[in-house]
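Architecture and fold: a report
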There are 2 protein chains.
Amino acid sequence: MIHPNDPPLSDRTSDALTAAQLYYVQDLTMEAIAQELHTSRSSVSRLLSQARASGLVDIQIRSPLDAPSRVEKLILDRFQVTAHVLPVPDYASDVDRLERVALSVARILGEFFDSNMIMGIAWGSTMNAVSRHLTPKRTHNAQIVQLNGAGNTRSTGLDYANEILRRFSNAFDARLEQFPVPTFFDDPATRTAYWRERGLRRLLEMQGNMDVALFSVGSPFSMVPSHVYVGGYLDDEEFTALSDAGVVGDVATVFYRADGSTDGIPLNDRGTGPELSVLRRTPRRICVVAGTSKVDSLRGALAAGLITDLFIDEGTARALVGS
Amino acid sequence: MIHPNDPPLSDRTSDALTAAQLYYVQDLTMEAIAQELHTSRSSVSRLLSQARASGLVDIQIRSPLDAPSRVEKLILDRFQVTAHVLPVPDYASDVDRLERVALSVARILGEFFDSNMIMGIAWGSTMNAVSRHLTPKRTHNAQIVQLNGAGNTRSTGLDYANEILRRFSNAFDARLEQFPVPTFFDDPATRTAYWRERGLRRLLEMQGNMDVALFSVGSPFSMVPSHVYVGGYLDDEEFTALSDAGVVGDVATVFYRADGSTDGIPLNDRGTGPELSVLRRTPRRICVVAGTSKVDSLRGALAAGLITDLFIDEGTARALVGS
DNA sequence: CGACTCCTTGCACATATGTTCACGGCTCTT
DNA sequence: AAGAGCCGTGAACATATGTGCAAGGAGTCG
């Protein structure tokens, strides 16, 4: 009865699975597991690490339904957005905040993305940080699509965005649709023309059918500028134009004012990010924000109705609701 | 902005939640968490224990879809039943097996039961063991219903079954419908009459509308008899009658033969367990089996089509498929 | 008001877990 | 076939975690 071609999965994975079951479900000690698996305790420790890292073990925090914190409730009331406020000590630096928020988001993202879905993803420091911590989740027929071009005048800029997106597609086993265009065209007409290309139409169609969008907000005029503002994507003149137009931030390099409006912001005609109307049509729109410097930009994005789910560190959340 | 009546949940729970988030999601050390929470490391350790015990932290093992073990596949092929084979060392005693299987089932049961559902539960050593390890899960408007009476000739036997069922209803916050009748009536006519009572009709109706049923199998003729066979529920004469009728086991004190048939087994006319047809109409029917002594009985239950999901220790699973 | 219980806390110790390192078995060269 | 590099292993060490215990604080009763 024992077939020779036994396991369709590697011994190692299978052992990791057993170890995880014994450790996390049956509460055995690693020592005991080592005995059952005829190996050393160290190896069990390593097996379990692997099991966690590869997503075999799924640890979730399930707040009782009455648990949303005061701040989360305030945000829900005021902006009709589901907030996930992440505890971060007040004395943490902005880098710490970003890292910790990114870790949390990376861990929970699997909850939002599944087989047969399309997820649109922006790029930037925040997405970069998130991408570095993703725990893998197996999906089938899933698709990831880049939200906006990443080329700039200095380099193609493709590597940076590319790497980020690839980490996502690897973690979820999803196909990846890249967006090999500059972040901003020089001439709006070029964009219009390019958008008619067949390859592009496929990408734009995917964007139109996204199930989830994942992005942060850019804050061009804060003390801690987003990647896009220091990476050679904008020259001084353009920068000034944004300022003059009353811009407070962007999502996937689409700019908006404090009231959420976008009309008459010249750079948007040349940018490659999705129309905000396209974004708003996406059922789930996850925004990740770390650091108080992004608050003004975040307010604009909220005013524009771009967000359905917000991941935010505690300090910034408090700054947002002003308490 | 800070309301005085801040949290609708206790500080302790809220701290536990924060600690869990920091520990399991953000990978902080307990020492670090202690600092953020302004308490001692010990207390954090205790908070985390509480968080796990109270179901705030949910740890699942997600086998990749290609993971089912060889034995699980064999069982699926042969019996059309989803098996969850639990690793237990071969040298483990039957008591160990039961304990470890029960622990696993208790931990995963939340996956099968949710708000607005009705779960039918039997009683016996196996259910007792499971009930002792349940991790709580909040549900609304959920209902638990006892599958069969627990009174016997020596005592009411109510306490035993009662306690088991109450553990389930507590863990899930579910209403509990008890079944305060003997396990077997002396006279079939009494049962028929009693079944027409209004209180009973409500219970029977619930049984008819169950979403999940949870039970083990009894093995009257094995070396390790189930609770029902040592607790004074059956006298010698009845026992012999079962043997003569070719009975191999029972589910919720409804007896069946090796081929799954039940016709002409006299005791069934006086028993209080659900008609097997009622059971078979239940969408999800979870059977928990530990110990090889139950294999024959389990085969009968499988032949009778009583099971959709089987939790079983590895040794017994191997005995079942005979390899 | 004090004596009592009950619960919580942090310390100190006992365990359990994570990580470094040197070794040995592989495969792939040459 | 010998050598070089590349894992994977377990022993030993370094950390992190769990727990018994004594002390202290809040509530209750006489």
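What comes next is a walk through the structure. Just so we're clear, the structure is a prediction, and the values are computed from it rather than from any experiment.

When helices and strands are counted, chain A shows 14 helices and ten strands. Relative to the compact-globule value of 20 Å for 323 residues, chain A shows a C-alpha radius of gyration of 22 Å, a close match. C-alpha extents for chain A along the principal axes are approximately 70 × 50 × 30 Å. A buried classification covers 54% of the 323 residues belonging to chain A. If you take every contact in chain A between residues at least 6 apart in sequence, the share linking residues at least 24 apart comes to 73%.

Another point: the interface of chain A and chain B. Facing 46 residues of chain A, the contacting portion of chain B comprises 47 residues. Run the count over chain A and chain B and you get six salt bridges. Arg107(B) is the partner of Asp27(A) in a salt bridge, and the nearest nitrogen-oxygen pair spans 2.6 Å. Counting across the interface, chain A meets chain B through 19 residue pairs in polar contact (both at pLDDT 80 or more). Only helix H1 (11-25), strand S1 (57-61), helix H4 (70-79) and helix H5 (94-108) of chain A provide two or more residues apiece to the side of chain A that touches chain B.

Near DNA strand D lie 15 residues; those nearest to it are Arg46(A), Thr29(B), Met30(B), Arg41(B) and Ser45(B). Close to the protein, within 4 Å, the atoms of DNA strand D belong to sugar or phosphate groups at a rate of 48%. Between DNA strand D and Ser42(A) there is a distance of 3.4 Å, counted from a base nitrogen to a side-chain nitrogen or oxygen. One of the backbone nitrogen or oxygen atoms of Met30(B) is found 3.0 Å away from a phosphate oxygen of DNA strand D. When contributions to the surface near DNA strand D are tallied by element, the ones reaching two or more residues are helix H3 (41-53) of chain A together with helix H3 (41-53) of chain B.

Quick look at the relation of the copies chain A and chain B now. Each copy of the sequence occupies a distinct position, and chain A is placed on chain B by a rotation of 180 degrees and an axial shift of 0.0 Å, giving an RMSD of 0.0 Å. Between the two chains, the operation in question is that of a two-fold axis. Using C-alpha coordinates, one finds that chain A approaches the rotation axis most closely at Ile59(A), a distance of 2.2 Å. Most of the interface of chain A is mirrored in chain B, where 98% of its interface residues are also at the interface.

Here we take up the protein's contact with DNA strand C. Within the structure, DNA strand C sits among 15 residues, and Thr29(A), Met30(A), Arg41(A), Thr39(B) and Arg46(B) are positioned closest to it. Of all DNA strand C atoms lying within 4 Å of any protein atom, the proportion belonging to sugar or phosphate reaches 44%. One nitrogen or oxygen atom from the side chain of Ser43(B) is found 2.9 Å from a phosphate oxygen belonging to DNA strand C. The contact in question runs from a base nitrogen of DNA strand C to an N or O atom on the side chain of Arg46(B), over 2.6 Å. Where the surface near DNA strand C is concerned, the elements lending two or more residues are H3 of chain A together with H3 of chain B. In terms of residues, the surface near DNA strand C owes the most to one element, H3(A), which gives five residues. Looking at the surface near DNA strand C residue by residue, the class counts come to two nonpolar, seven polar and six charged.

Take unusual backbone geometry next. Among all residues save glycine, negative phi is the norm, and among peptide bonds the norm is trans. All names here are of chain A. Notably, asparagine 141 is not glycine yet its phi reads approximately 55 degrees, a positive angle. For asparagine 141, the location among the structural elements is in the loop between helix H6 (125-131) and strand S4 (143-146). For asparagine 141, a relative accessible area of 46% translates into the label partly exposed.

A few words now on the sheet that holds strand S9 (residues 284-289) of chain A. All names here are of chain A. Spatial ordering of the open sheet is given by S2-S10-S9-S6-S3-S4-S5, a layout of seven strands whose pairing is parallel. Two strands lie at the open edges of the sheet, namely strand S2 (82-86) and strand S5 (175-177), each paired on one side alone. Strand-to-strand twist in this sheet, taken as the mean axis angle between neighbours without regard to direction, amounts to 20 degrees. On top of the sheet, H5 reaches S2, S9 and strand S10 (309-313); it is set at about 145 degrees to S10, its chief contact. Sheet strands in contact with helix H9 (residues 198-208) are strand S3 (118-121), S4 and S5, and its direction is about 110 degrees off that of S4.

Residue and element names in this part refer to chain A. Enumeration over the complete set of coordinates arrives at 16 aromatic pairs over all chains. Among the aromatic side chains, those forming a connected cluster through ring pairs are Phe179, Phe185, Tyr194 and Trp195. Above the ring of tryptophan 195, the side-chain terminus of arginine 191 is found at 5.8 Å from the ring centroid.

Here we come to the packing of helix H1 (residues 11-25) of chain B against helix H2 (residues 30-37) of chain B. Residue and element names in this part refer to chain B. Between H1 and H2, whose axes approach to 10 Å, the crossing angle comes to 140 degrees. Taken together, the axes of H1 and H2 lie oblique to each other. Along this stretch, H1 crosses H2, giving a crossing that reads as right-handed. The segment H1 lies against H2, with Asp15, Thr18, Ala19, Leu22 and Tyr23 engaging Met30, Ile33, Glu36 and Leu37. Of the residues that constitute the contact of H1 with H2, the class distribution is six nonpolar, one polar and two charged.

Rules behind the numbers
- Residues numbered from 1 in each chain as written.
- Chains lettered and ligands numbered in written order.
- Predicted model: local features only at pLDDT ≥ 70, side-chain atom pairs only at ≥ 80, totals over all residues.
- Heavy atoms only, no water.
- Helix = DSSP H or I, 4+ residues; strand = E, 2+ residues; numbered from the N terminus.
- Rg over C-alpha atoms; globule rule 2.2 N^0.38 Å.
- Buried < 20%, exposed > 50% of the residue type's maximum accessible area, 1.4 Å probe, protein only.
- Contact = heavy atoms within 4.5 Å.
- Salt bridge = Lys/Arg side-chain N within 4 Å of Asp/Glu carboxyl O.
- Polar contact = N/O pair within 3.5 Å; in protein donor to acceptor, adjacent residues only side chain to side chain.
- Near = heavy atom within 4 Å.
- Least-squares fit on C-alpha atoms with pLDDT ≥ 70 in both.
- Nonpolar A, V, L, I, M, F, W, Y, C, P; charged D, E, K, R; others polar.
- Pairing = 2+ DSSP bridges.
- Axes fitted to C-alpha atoms, helices over the stretch in contact; angles between N-to-C directions.
- Phe/Tyr/Trp six-rings, centres within 6.5 Å; stacked < 30°, edge-to-face > 60°.
- Lys NZ or Arg CZ within 6 Å of the ring centre and 35° of its normal.
- Parallel < 35°, antiparallel > 145°, perpendicular 65-115°, else oblique.
- Left-handed = near helix turned anticlockwise from the far one by under 90°.

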